[in-house]
Amino acid sequence: MKNKSLVSINDFTREEHIHILDLAGAFERRPKQHILEDYVVATLFFEPSTRTRLSFESAATRLGARVIGFSEPGSSSVQKGESLRDTIRTVSNYADIIIMRHPREGSARFASEVSRVPVINAGDGANQHPTQTLLDLYSIRKTQGTLDNLNIAFVGDLKYGRTVHSLTMALCNYNTTFHLVSPAELKLPSSVKIHIKERNLAYHQYTDMSEVIPKVDILYMTRIQKERFQDPMEYEKVKNSYILRNNLLDNAKSNLRILHPLPRVNEITYDVDDNPKAYYFTQALNGVFVRQAILAAILGVVE
Amino acid sequence: MENTEQRKELKVSAIENGTVIDHIPVQSVYQVLRILNLMEYNDQILIGTNLESQKMGKKGIIKVSNKFFKSDEINKIALVAPSATLILIKNFSVSEKKKVEIPSKVEKIVKCFNPNCITNVEDVITRFDVVNKDELKLRCHYCEKITARDTMAFK
Ligand SMILES: [Zn+2]
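Here is what the cut-offs are and how they apply
Residues numbered from 1 in each chain as written. Chains lettered and ligands numbered in written order. Predicted model: local features only at pLDDT ≥ 70, side-chain atom pairs only at ≥ 80, totals over all residues. Heavy atoms only, no water. Core = buried A, V, L, I, M, F, W, Y, C linked by side-chain atoms within 4.5 Å. Buried < 20%, exposed > 50% of the residue type's maximum accessible area, 1.4 Å probe, protein only. Helix = DSSP H or I, 4+ residues; strand = E, 2+ residues; numbered from the N terminus. Domains from an automatic or database assignment. Contact = heavy atoms within 4.5 Å. Salt bridge = Lys/Arg side-chain N within 4 Å of Asp/Glu carboxyl O. Donors = N, O, S within 2.8 Å, 3.2 Å for Na, K, Ca; no water. Tetrahedral: all angles 85-135°; square planar, octahedral: opposite > 155°, others 65-115°. Axes fitted to C-alpha atoms, helices over the stretch in contact; angles between N-to-C directions. Parallel < 35°, antiparallel > 145°, perpendicular 65-115°, else oblique. Nonpolar A, V, L, I, M, F, W, Y, C, P; charged D, E, K, R; others polar. 1 Å grid on protein atoms, 1.4 Å probe; cavity = no way out; pocket = protein on both sides within 12 Å on 5 of 7 lines; lining within 4 Å. Points joined across faces, edges and corners; volume = space filled by probe spheres on them. Pairing = 2+ DSSP bridges.

**Points about the nonpolar core**
- Of all hydrophobic cores here, the largest spans 57 residues; its most connected members are Leu134(A), Ile140(A), Phe154(A) and Leu295(A).
- Broken down by element, this core gets its largest block of residues, 9 residues, from helix H9 (residues 280-298) of chain A.
- The residues that make up this core include at least three from each of domain 1 (32-128) and domain 2 (131-283) of chain A.
- Val29(B), Leu36(B), Leu38(B) and Cys140(B) belong to the second largest nonpolar core, which has 51 residues in total.

**Concerning the domain arrangement of chain A**
Residue and element names in this part refer to chain A.
- When its domains are assigned, chain A resolves into domain 1 (32-128) and domain 2 (131-283).
- Computed from C-alpha atoms alone, the centre-to-centre distance between domain 1 and domain 2 is 29 Å.
- Taken together, the contact between domain 1 and domain 2 spans 11 residues of the former and 6 residues of the latter.
- On the surface where domain 1 and domain 2 come into contact, there are 0 salt bridges.
- Top contributing element to the side of domain 1 that touches domain 2 by residue count: strand E4 (residues 119-124), with 4 residues.

**Side note on the coordination of the zinc ion**
- Here the zinc ion is held by the protein donor atoms Cys112(B) (SG), Cys117(B) (SG), Cys140(B) (SG) and Cys143(B) (SG), which lie 2.3 to 2.4 Å from it.
- Between the 4 donor atoms coordinating the zinc ion, the angles at the centre fall across 98 to 116 degrees, so the site counts as tetrahedral.

**Things to note about the packing of helix H1 (residues 14-29) of chain A against helix H5 (residues 130-144) of chain A**
Residues and elements named next belong to chain A.
- The interhelical angle for the contact between H1 and H5, taken along N-to-C directions, is 70 degrees, at an axis separation of 10 Å. Relative to H5, the element H1 is oriented roughly perpendicular. For the pair H1 and H5, the contacting residues are His17, Ile18, Ile20, Leu21, Asp22, Ala24, Gly25 and Glu28 in the first and Leu134, Leu137, Tyr138, Arg141 and Lys142 in the second.
- Here the residues of the contact of H1 with H5 are counted per class, giving 7 nonpolar, 2 polar and 4 charged.

**Concerning unusual backbone geometry**
- Cis geometry is found at the peptide bond from Leu262(A) to Pro263(A), where omega equals 0 degrees.
- With respect to the helices, strands and loops of the structure, Pro263(A) is situated in the loop between strand E9 (257-259) and H9.
- Phi is positive for Asn91(B), which is not a glycine, with a value near 50 degrees.
- When you line up the elements, Asn91(B) lands in the loop between strand E4 (85-90) and strand E5 (93-99).

**Looking at the layout of surface pockets**
Residues and elements named next belong to chain A.
- Each pocket or cavity is described by its volume, and for the largest pocket that value is around 890 Å³.
- Every residue lining the largest pocket is counted, 31 residues in all, and those nearest its centre are Arg101, Arg162, Thr163, Arg223 and Leu262.
- Among the elements that make up the lining of the largest pocket, the one with the highest residue count is H9 (4 residues).
- Residue composition of the lining of the largest pocket, grouped by class: 10 nonpolar, 12 polar and 9 charged.
- Here the lining of the largest pocket spans two domains, and each of domain 1 (32-128) and domain 2 (131-283) adds at least three residues to it.
- Within this model, the second largest pocket holds a volume of roughly 700 Å³.

**What to know about the sheet that holds strand E6 (residues 105-107) of chain B**
Residues and elements named next belong to chain B.
- Taking strand neighbours across the sheet as the criterion, the 4 strands line up as E6-E8-E9-E10 in an open arrangement whose pairing is antiparallel. One side of each edge strand has no neighbouring strand; the edge strands of this open sheet are E6 and strand E10 (146-148). The sheet shows a mean angle of 35 degrees between the axes of neighbouring strands, taken without regard to direction.
- In the sheet, E6 pairs with strand E8 (residues 127-132) via 3 bridges, with the strands oriented antiparallel. Bridge pairing links Glu107 to Arg127 in E8.

Right under this line is the structure:
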């Protein structure tokens, strides 16, 4: 993995994913290890995402690295019209690794091709967000003890949710059975289903969440945005069907855990938070350990 | 049979050596010229269009003197002219016939259909993997979205 960019979840093999998860476990046990003391990490956020940026900066800082960069394009040369190509070429002279988030799809791949140093994609438009996927895998493995042969439900906006797309692709390595719950307008796109079909895995599509809950090990919730609907009436009709309330969990399996990439709006009611099946806040914490593991592995300071 | 075919060939004058690209859909003749960069070719090119064809009704044909294309070069035209046949001519006679094949990678010539793709915003050479040859589906190397036949535009 040393010096390899992480742009798309498929840039790393299944074995490399597992290796990252194992390393993340070690950082969870001992989070403060100053193994990046001589390193400079650049965080370039061409669109703001405080949560993701803080998670990366926390990971880098806990490893002793110095962090440079910008948190929104308004405060950088980008606003003066500098091309992405030039920004990346310049910054790659100043840092050992670049973490970037950008509103355009494919921007991170392009950056990795013009950069002298490895690039970690922290979200490129609606395309990929591989570190989120790895922290999701970590959370699934941690709560279920395995990644193999699980029944996993995705609920909400499966069309535009890149989190769902990347995680689906990654889970295709583990003989997952997929349960896809969404309004008809927001079904998983065929470009993602291709991956499931290529592996001959099973997927089932639903419009109702309640029939899925008793069958699954992981319930991965996502937000449905009103703007995604062509017809606002359609949104009004379906919005309540994709809200998880505590009483819906009555007949869930005991090992079921609820994940959510956060931030949530109203798709999980607050009464779920106290249910031991709610795992989304721990999931976010896991993100720091996973990002420590990714930084350490790509910079080659751990085996 | 051979004779009738040869006579039909002659509707557009014969070439001594080079490549005949036959059975081009009429609407794709211009695109084939562009994809093969033939606008900048300095030797003789004969172009026929709206010619009668038993197979296709109407067809286009392009004859390029003294040019023998590399297969990955010529296969790009399969994107717009999957029906095209290639006839290699040596000393006024047919030395080889073959069909074009959809390549496994496509560079430069196709635009990514995703308006939010970095290749449509910055000056980036497009690159695609052909993920389905029958339905013609190209996966963008950058944004990873699928450009299909019905959304395909050329640069
Ligand atoms: Zn693209």
